[in-house]
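Given next are the chains, with one letter for each unit.
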Amino acid sequence: MHFRDSKRKVDYVLAYHYRKRLARHPAGAGSPEPTRESASLALVSNGGTGKGCAELQRQDGGQYAPQERPRPLGVEVIELGPLDTLEEEKRLQREEYERNLVEVGLEIEKDPENKSQGLSFVRIHAPWQVLSREAELLKIKMPTKKMYEITEEGGILKTLNEIWCKLTKPLQPQVPQQENTNMKSLSYPFSREKIYLYNIKDKDTFFDNATRSRIVREILKRISTKARNSTGIGTLIANHVYDAAYPLHDGEYEGQNDDMNERKLLYREWARYGVFYKFQPIDLIRKYFGEKIGLYFAWLGLYTEFLIPSSVVGIIVFLYGCITIEGDIPSKEMCDQHNAFTMCPLCDKFCDYWNLSSACATARASHLFDNPATVFFSIFMALWATMFLEQWKRLQMRLSYFWDLTGLEEEEEHPRPEYETKLLQKKLKNKSITTENSNEDEKEKLTWSDRMPGYAANFGLILFMIMLTFSAVFGVIVYRITTAAALSFSTNETTRSNVRVTVTATAVIINLVVILILDEIYGAVAKWLTEIEVPKTEKTFEERLILKAFLLKFVNSYAPIFYVAFFKGRFVGRPGHYVYVFEGYRMEECAPGGCLMELCIQLSIIMLGKQLIQNNLFEIGIPKLKKLFRKLKDERTEPKEMDTNQSKDPQQWDLDYILEPFTGLTPEYMEMIIQFGFVTLFVASFPLAPLFALLNNIIEVRLDAKKFVTELRRPDTVRAKDIGIWYNILSGIGKLSVIINAFVIAVTSDFIPRLMYQYAYSQNGTMHGFINHTLSYFNVSHLKAGTQPENSPFAQDVLFCRFKDYREPPWSQNQYEFSKQYWAVLSARLAFVILFQNLVMFLSVLVDWIIPDIPKDISEQIKKEKSVLLDFFLKEEHEKLKLIESFIARDKQKHKSGTKGERIRAASFCQFNRCQKGSFASFSSQHTEV
């Protein structure tokens, strides 16, 4: 991956499609062919904008010459169509941009444009002068010559760590490690003045490929062109001047050649399903993809590891339900046919009285999830979520230390192309501000009034989307009610007996399909809504996009589950006074065993369906389809012409261009955050949720790894010291899960009614008689006319039917009013919610307080690093000072020796002078005497 000289590295690649002019028509009919001595060209546009034409004339040095004007001698007039004008304008912008890149010190190499139209690449190399200058501007930390020892914790922790390392050695990826793991290089922001501090063995390899591409990307983002006031490569790509800009992968990830590169190493040790049991090479991931992606995979790995203990406890809770099902007295009473609880009809006219024992299977299945162990599991999962977040903060701090992210300053971000375009439109509209005044241009920015239409559209559309979700849930409710009524009319006994199962299963599948469809719609809508807000920077854009997408997808995913957990069966009414919808259909009620079993079915199918279809099939299939579509599109648009200069083997930039562009980590985080909600929010109703999440994540880690290594272009390396707004969302879900699980246990399950009966109403302190206690009496003669069962064989024998509620019997003065037991149970439910919530919150705060955010050893190492850095600087400065003093002393010594020699020479000269004077005097005296 070098230039043609095989010496200079390709640090970045720009790709664009070019299209040469199809025809060149002289302005006058029958005009002679232009000679080689033609002085200039005049370009005439047929349909192009005047601005574009003017731009072309200035660049080409010609003059504007319409057809009707007389043509000067030696000037060839060329008519350009609209496409030719646009293509010429793009070409000129590319030339100006590349010229500006060369001016800042970058070196470029271009492919020759040998076809009439096709794909071409601009390869960019950053020499040492540019790398060192930009590294100093970006304050990139680089390793110095100084190495210092990392102090390890002693005692039992060190022993346990050594044992753990030995046990997990087969699970470690086979990647190059630092020879001495107890030593760490002291890092310091790069400075050309202090270049003697750094361990520079080879200038070509001192900055690794990821750092080199990051530096070039920063230059590309700030270089501007005069045309359309384009600032940076982002604007040029948005205007289709360039198609793509990307750093290159290190080479092929698979092949017969023995040349090992980091990409091939990542594929072999990380991005294959066959190595699912191995730990992730986080340091190599960070080195190849950057800190931001490295932090994502570190978070995903920790989350997956934490799912192991929660899965084990969930399996134990489920097995406890299976073991104790035979000893559950309420289930036995419900299944006992001798008790003969005659229940009121489930629908008007066509439904008959029925025996409670027919719902035996539902009651037994409900006990698997509705037992005392689920309360313990809810408390455990709330503490689990807190411990997970605390452990992530500690791991994040540890990674920040080893990755030299401590003290990382927020980098100044460049404005987004859309923001600049909107700002330019505002400047052009405001005539009082001239574009020549650069100081005023800098102060100019978009205000609230400029963004108000976007904010209003956001508020209205988000509200509409939430109402659309609720409408979809209500539509499924109507489907359940009408389908249940229609199936009750059936003459088939089997159909009538399986009405509840049929309706529940089909409704959940419909819910799943609606959720999957709306999820894709909401993702696109959230992105569009964020774009019309026109955020200034990419970071602001990403945060606003995350909040909108999470809000819409959260409501979409959990609305059906919230309905079943807290609303279904609450507004049914009672026999003789039911609540109807559409004047003929009764509101649906829970099964005899309660709504918890149905909540479990709903949660499991939606969770498993989303993970299987959306997280796996969509994630595998959609990128492959996009890649195929782009390849077919390129083959269709490019004519099949022979390119003599192109080598037979495709180069790395050709292979990388075919890959899918990287669009950010938001979809990856989003699916895991929604899964985290399934694991924590309603875990009281489905203890096996952590197990299914664990199985999914084992596949998800390798799936994401394979996608990044093999199917995506290499992302730009981005330095980040945390996972950003996602941590706040995780923390919010953890706190919300405490409240929701408290209400699920108190309201949806029968845990509180059972406790109240056993300790307040039972004669012998056991659960015998609980079913009878929860069923109220209704006099069948009080049924409304036209609602009694038709052709019922039991109509003459039934005087009273039973229904599940705490109401006064028909022989009471306040018949069918809520009984004292109802208010007692309601008070106990609310008291449990308050007690559970405060207890779990207290334990969570206690765990948060006990576990420090920064590990003790890391805190000490950071302090040690600062002192070592200070000592290192003082030592270097002292040596530098001694060196300067030695130079000065040597210079003085030379000066002294030079002065002494001058004195000797001067003395001898004076002596010579005196001798000469004496001789002259004697001569003169002699002459006088004579």
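Predicted, not measured: the structure shown is a model, and the values here were computed from it.

Undergrad: Hey, could you go over the overall build of the chain for me, with residue numbers and the actual values?
TA: If you tally the helices and strands in the chain, you get 28 helices and 18 strands. A total of about 49300 Å² of accessible surface is found on the chain, and carbon and sulfur atoms cover 59% of it.

Undergrad: Explain the state of the cysteines residue by residue, including any values.
TA: Applying the stated criterion to the full structure yields 4 disulfides. Across the disulfide from Cys-344 sits Cys-801; the S-S distance is 1.9 Å. Disulfide Cys-344 to Cys-801: torsion about the S-S bond roughly 85°, handedness right-handed. Linking Cys-344 in the loop between β11 (342-343) and β12 (354-355) with Cys-801 in strand β18 (residues 800-804), this pair joins segments that are 457 residues apart in sequence. For the residue pair Cys-344 and Cys-801, the accessibility class agrees, reading buried in each case. What links to what in the chain: the bonded cysteines, counted in sequence order, pair as 1-5, 2-8, 3-4, 6-7.

Undergrad: Tell me what's going on with the side chain of Glu-262, and back it up with residues and numbers.
TA: Mapped onto the fold, Glu-262 is located in helix α8 (residues 262-269). Taking the relative accessible area as the measure of exposure, Glu-262 reaches 19% and is therefore buried. Here the side chain of Glu-262 touches Lys-287 through a polar contact of 2.8 Å, side chain to side chain. For Glu-262, the contacting residues outside a window of four places in its chain are Asp-250, Leu-284, Lys-287 and Tyr-288.

Undergrad: Account for the sheet that holds strand β10 (residues 244-246), with residues named and values stated.
TA: The 4 strands are arranged β4-β5-β1-β10 in an open sheet whose pairing can be described as antiparallel. The two strands at the open ends of the sheet, each matched to only one other strand, are β4 (107-110) and β10. Neighbouring strand axes in the sheet, compared pairwise and without regard to direction, differ in orientation by 20° on average. Pairing of strand β1 (residues 12-19) with strand β5 (residues 117-125), which is carried by 8 bridges, proceeds in the antiparallel orientation. Pairing of Tyr-18 across the sheet is with Gly-118, part of β5.

Undergrad: Can you tell me about the packing of helix α25 (residues 751-761) against helix α27 (residues 820-850), naming the residues and giving the values?
TA: Two numbers describe how α25 lies on α27: the axes approach to 10 Å, and their chain directions differ by 120°. Relative to α27, the element α25 is oriented oblique. Between α25 and α27 lies a crossing whose hand is right-handed. In this structure, α25 contributes Phe-751, Ile-752, Pro-753, Met-756 and Tyr-761 to the contact, and α27 contributes Gln-821, Ala-824, Val-825, Ala-828, Arg-829 and Phe-832. Of the residues assigned to the contact of α25 with α27, the class counts are 9 nonpolar, 1 polar and 1 charged.

Undergrad: Outline the packing of aromatic side chains, supporting the account with residue identities and numerical values.
TA: Taken as a whole and judged by the stated rule, the model has 55 aromatic pairs. Taking 6.0 Å as the distance between ring centres and 80° as the angle between the ring planes, the aromatic pair formed by Tyr-16 and Tyr-242 counts as edge-to-face. One end of the pair, Tyr-16, is in strand β1; the other, Tyr-242, is in the loop between α7 (232-238) and β10, and 226 residues separate them in sequence. Comparing Tyr-16 with Tyr-242 shows no difference in burial state: the two are buried. Positioned above the aromatic ring of Trp-653 is the side chain of Arg-123, whose terminal nitrogen or guanidinium carbon lies 4.4 Å from the ring centre. For the cation-ring pair, Arg-714 lies above Tyr-288, with the distance from its terminal atom to the ring centre recorded as 3.8 Å.

Undergrad: Before we move on, can you summarise the environment of Lys-631 with the specific residues and values?
TA: By secondary structure assignment, the location of Lys-631 is in helix α20 (residues 596-637). For Lys-631, a relative accessible area of 45% corresponds to the partly exposed category. Along the primary structure Lys-631 and Ile-658 are separated by 27 residues, whereas in three dimensions their C-alpha atoms are 6.9 Å apart.

Undergrad: Describe helix α22 (residues 666-680), with residues and values.
TA: Over its 15 residues, α22 extends 21 Å from the first C-alpha to the last, a length consistent with the 21 Å expected when each residue adds 1.5 Å. Most of α22 sits out of view: 14 of its 15 residues are buried.

Undergrad: Which residues make up a nonpolar patch on the surface, and what values go with them?
TA: Residues Tyr-273, Phe-276, Tyr-277, Ile-620, Leu-695, Ile-698 and Ile-699 make up a contiguous nonpolar surface patch of roughly 620 Å² in combined accessible area. Of all the elements, helix α23 (residues 689-711) adds the most residues to the nonpolar patch, at 3 residues. Take Ile-699: it is sitting in helix α23. Accessibility expressed as a relative area gives 40% for Ile-699, which makes it partly exposed.

Undergrad: Describe the environment of Asp-519, with residues and values.
TA: Relative to the helices and strands, Asp-519 resides in helix α18 (residues 499-533). Put simply, Asp-519 and Ala-549 are 30 residues apart on the chain and 9.0 Å apart in space, counted from C-alpha to C-alpha. Apart from the residues within four sequence positions on either side, Asp-519 is in contact with Lys-553, Asn-556, Ser-557, Lys-610 and Gln-614.

Undergrad: Outline unusual backbone geometry, supporting the account with residue identities and numerical values.
TA: Of note in the backbone geometry, Ser-6 takes a positive phi value of approximately 60° without being a glycine. Within the secondary structure layout, Ser-6 lies in the segment before β1. Even without being glycine, His-240 reaches a positive phi, approximately 65°. Summarising the element assignment, His-240 is placed in the loop between α7 and β10. Exposure remark for His-240: the relative accessible area of 52% places this residue in the exposed category.

Undergrad: Could you give an account of the nonpolar core, with specific residues and numbers?
TA: The biggest cluster of nonpolar side chains holds 123 residues, and the ones touching the most others in it are Trp-270, Phe-289, Trp-299, Tyr-303, Trp-384, Phe-682 and Ile-723. Looking at which element gives the most residues to this core, the answer is helix α19 (residues 538-567), with 15 residues. Phe-289 has contacts with Leu-266, Trp-270, Phe-708, Val-709, Pro-715, Asp-716 and Thr-717, leaving out every residue within four places of it along the chain. Of all hydrophobic cores here, the second largest spans 41 residues; its members include Leu-14, Tyr-16, Val-216 and Ile-858.

Undergrad: Which residues make up the pairing of strand β17 (residues 775-779), and what values go with them?
TA: Looking along a regular strand, one sees the side chains alternate between the two faces of the sheet. Of all 5 residues making up β17, 4 are buried, and the element is well covered by its neighbours. For β17 and β18, the ladder comprises 5 bridges, and the chain directions are antiparallel. Of the residues in β18, the one forming a bridge with Asn-779 is Phe-800.

Rules and cut-offs
Residues numbered from 1 in each chain as written. Predicted model: local features only at pLDDT ≥ 70, side-chain atom pairs only at ≥ 80, totals over all residues. Heavy atoms only, no water. Helix = DSSP H or I, 4+ residues; strand = E, 2+ residues; numbered from the N terminus. Areas by Shrake-Rupley, 256 points an atom, 1.4 Å probe, with all protein chains shown as cover. Disulfide = S-S within 2.5 Å. Buried < 20%, exposed > 50% of the residue type's maximum accessible area, 1.4 Å probe, protein only. Polar contact = N/O pair within 3.5 Å; in protein donor to acceptor, adjacent residues only side chain to side chain. Contact = heavy atoms within 4.5 Å. Pairing = 2+ DSSP bridges. Axes fitted to C-alpha atoms, helices over the stretch in contact; angles between N-to-C directions. Parallel < 35°, antiparallel > 145°, perpendicular 65-115°, else oblique. Left-handed = near helix turned anticlockwise from the far one by under 90°. Nonpolar A, V, L, I, M, F, W, Y, C, P; charged D, E, K, R; others polar. Phe/Tyr/Trp six-rings, centres within 6.5 Å; stacked < 30°, edge-to-face > 60°. Lys NZ or Arg CZ within 6 Å of the ring centre and 35° of its normal. Expected span 1.5 Å × (residues − 1). Patch = residues over 30% accessible without salt bridge, like charges linked within 9 Å, V, L, I, M, F, W, Y side chains within 5 Å. Salt bridge = Lys/Arg side-chain N within 4 Å of Asp/Glu carboxyl O. Core = buried A, V, L, I, M, F, W, Y, C linked by side-chain atoms within 4.5 Å.

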